[in-house]
Amino acid sequence: MKEITCKLLVVGAGPGGYVCAIRAGQLGVDTVIVEAKKPGGTCLTIGCIPSKALIHAADEFEKVAHIAAGKSPLGISTSAPSFDMSRAVAWKDRIVSRLTNGVSGLLKKQSVKMVHGQAKFRDGKTVEVETETGTQIIRAENIVIATGSVPVELSFLPFGGPVISSTEALALGAVPKQLAVVGAGYIGLELGIAFAKLGAKVTVVEAENRILPLYDAELTRPVAKRLGELGVEVLLGVKAQGLDPKTDQLLVDAKGETRRIAADKVLVTVGRKPNVEGWGLEELDLDRSGRAVRIDEQCRTSMRGVYAIGDVTGEPMLAHRAMAQGEMVAEIVAGKKRSWDKRIIPAICFTDPEIVSAGLSPDEAKATKAEVVTAQFPFSANGRAMTMLAEEGFVRVVARADNHLVLGIQAVGRGVSELSASFGLAIEMGARLEDIAGTIHSHPTQGEAFQEAALRALGHALHI
Ligand SMILES: Cc1cc2nc3c(=O)[nH]c(=O)nc-3n(C[C@H](O)[C@H](O)[C@H](O)COP(=O)(O)OP(=O)(O)OC[C@H]3O[C@@H](n4cnc5c(N)ncnc54)[C@H](O)[C@@H]3O)c2cc1C
């Protein structure tokens, strides 16, 4: 049996783990990282990046199909496009390879040792890894658990055959003719919208009475409208029950009545859960917060020298949170004084239109008992949005009424994901409405709607 000792061992090379290892390497910490699959984790291989590649391909296809149908006012005409799913998937796979190879290169550049295989804890300082060449023992002063998350499976709709998770949906050989999506959270709707644009007849089944339950109704209304335009049937307050074994139709309980939904694929996207199995959590007996590994403001678990970061620590399960935690823990292990001091973690839904939420919504802000001022500026009054046929949606600011400190910024509209950086920066830097209103925003850009929302909250919007 081979043995390695190191100062820092990272288990899992997703965005949390690989960022932690790169930063530790930069700081001269002797670091080993173990990965069972590919570097990059869920995010680069089966999550953020592949889904955004499919969404982009679907957007481009739908744009051309729209023009071909003679519906575009832009004076462009063309004949009907066709779509080759396997070529699009191959293109997506090339992007994934470039990124995963890039991560390997970055780790190597910082002298991080990569061990391929499934890691299992023996105790809080020792991990054994089943590698292709035998068992590898790794002893470390500090260990970071970055094992990520896995899709939630429904007992009455187990994955297999026509029932798929987002992982299989991102690697299909052809666009399903009829797709049923169970769960109207962000993953289900991002993928459901993409497949609808590619020509699938999509039905979304959601047990709650609204789509995207984590976002407020004002933000989700334009997405609901677009789902209707794309011919996506959304069944709210309806529970999936299982597959009809004879016809493979999805059976749902629609307010007491069983309904059948024809589908050649049933995509189950009812959430993700911390991956706490298969790496020896039992050996460590760490404190938990529900299913997640409990951490403090330095990502320390209940065992000395053992940290946890990313999805395994629970919500919000987002790649940029995992990366920020990874960077912080690397610095702590290197001896720097760090603790979690972020004001917000922005969240984006890459639906059509996109939604961004940074900080508190109006209702959340009101719940703090502070007196609150909110204002929104619609893209229908924004010149750049008009020139892009993107007038649906708005930017909204939420601020304290007394000192105008910005508490939250949200937007819904085409391409608003790119505004999330300035929203995050404003809140992180403690901006007040006057700071945003007083910053020159280039013209013509959708970002001007942000400045105008702040001006409107101050009572003197210029373009509405
Ligand atoms: C379809 C989809 C779309 C998404 N889109 C977005 C998005 O747009 N933006 C966003 O912020 N987030 C998005 N996410 C979520 C994002 O992917 C996760 O939040 C992020 O990947 C979490 O990073 P992580 O490092 O905690 O874990 P992961 O990325 O899950 O990585 C964990 C790694 O650990 C490895 N591992 C696990 N156990 C072991 C073991 N015992 N030994 C060795 N290796 C092990 C796994 O193989 C994996 O590579 C999406 C997810 C999905 C599924």
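Structure: above.
Residues numbered from 1 in each chain as written. Predicted model: local features only at pLDDT ≥ 70, side-chain atom pairs only at ≥ 80, totals over all residues. Heavy atoms only, no water.

## Focus on the overall build of the protein chain
In step 1: Per the secondary structure count, the protein chain includes 14 helices and 24 strands.
In step 2: For the protein chain, the C-alpha radius of gyration of 24 Å lies close to 23 Å, the compact-globule estimate for 464 residues.
In step 3: Across its three principal directions, the C-alpha atoms of the protein chain cover 70 × 65 × 45 Å.
In step 4: Looking at the protein chain as a whole, 52% of its 464 residues qualify as buried.
In step 5: Within the protein chain, contacts between residues at least 6 apart in sequence are counted, and of these 63% link residues at least 24 apart.
In step 6: Taken as a whole, the protein chain presents about 21400 Å² of accessible surface, with 51% of it coming from carbon and sulfur.
In step 7: Here the protein chain holds 53 positive side-chain charges and 53 negative ones, and the gap between their average locations is 3 Å. (Helix = DSSP H or I, 4+ residues; strand = E, 2+ residues; numbered from the N terminus. Rg over C-alpha atoms; globule rule 2.2 N^0.38 Å. Buried < 20%, exposed > 50% of the residue type's maximum accessible area, 1.4 Å probe, protein only. Contact = heavy atoms within 4.5 Å. Areas by Shrake-Rupley, 256 points an atom, 1.4 Å probe, with all protein chains shown as cover. Lys, Arg positive; Asp, Glu negative; His and termini not counted. Charge placed at Lys NZ, Arg CZ, Asp CG, Glu CD.)

## Re the environment of Ile49
In step 1: The topology assignment puts Ile49 in helix H3 (residues 48–68).
In step 2: Remark: the alpha-carbon pair of Ile49 and Leu250, spanning 201 residues in sequence, is separated by 29 Å.
In step 3: Those residues in contact with Ile49 that lie beyond four places of it in its chain are Cys43, Leu44, Ile95 and Leu99.

## Some thoughts on the pairing of strand S5 (residues 126–131)
The two faces of the sheet receive side chains in turn, since in a regular strand these alternate between them.
In step 1: Here five bridges tie strand S4 (residues 118–123) to S5, and the two strands are oriented antiparallel to one another. Counterpart to Lys120 in the pairing with S5 is Glu128.
In step 2: Pairing geometry for S5 and strand S6 (residues 134–145), over six bridges, is antiparallel. Along S6, the bridge assignment pairs Glu130 with Thr135.
In step 3: Hairpin connection, S5 to S6: the antiparallel pair is bridged by two residues. (Pairing = 2+ DSSP bridges.)

## Some words on the environment of Val276
In step 1: For Val276, the position within the fold is in the loop between strand S16 (272–274) and helix H8 (281–284).
In step 2: In this structure, the C-alpha to C-alpha distance between Val276 and Val89, residues 187 residues apart in sequence, is 30 Å.
In step 3: Not counting chain neighbours up to four residues away, the residues in contact with Val276 comprise Leu281, Arg288, Arg291, Val293 and Val312.

## Overview of helix H6 (residues 186–197)
In step 1: Here H6 is twelve residues long and its end C-alpha atoms lie 16 Å apart, about the 16 Å a rise of 1.5 Å per residue gives.
In step 2: Across the twelve residues of H6, ten count as buried, placing the element largely inside the fold.
In step 3: Of all the residues in H6, the buried ones are Gly188, Leu189, Glu190, Leu191, Gly192, Ile193, Ala194, Phe195, Ala196 and Lys197.
In step 4: In the segment just after H6, Gly199 is the residue with positive phi, at about 110°. (Expected span 1.5 Å × (residues − 1).)

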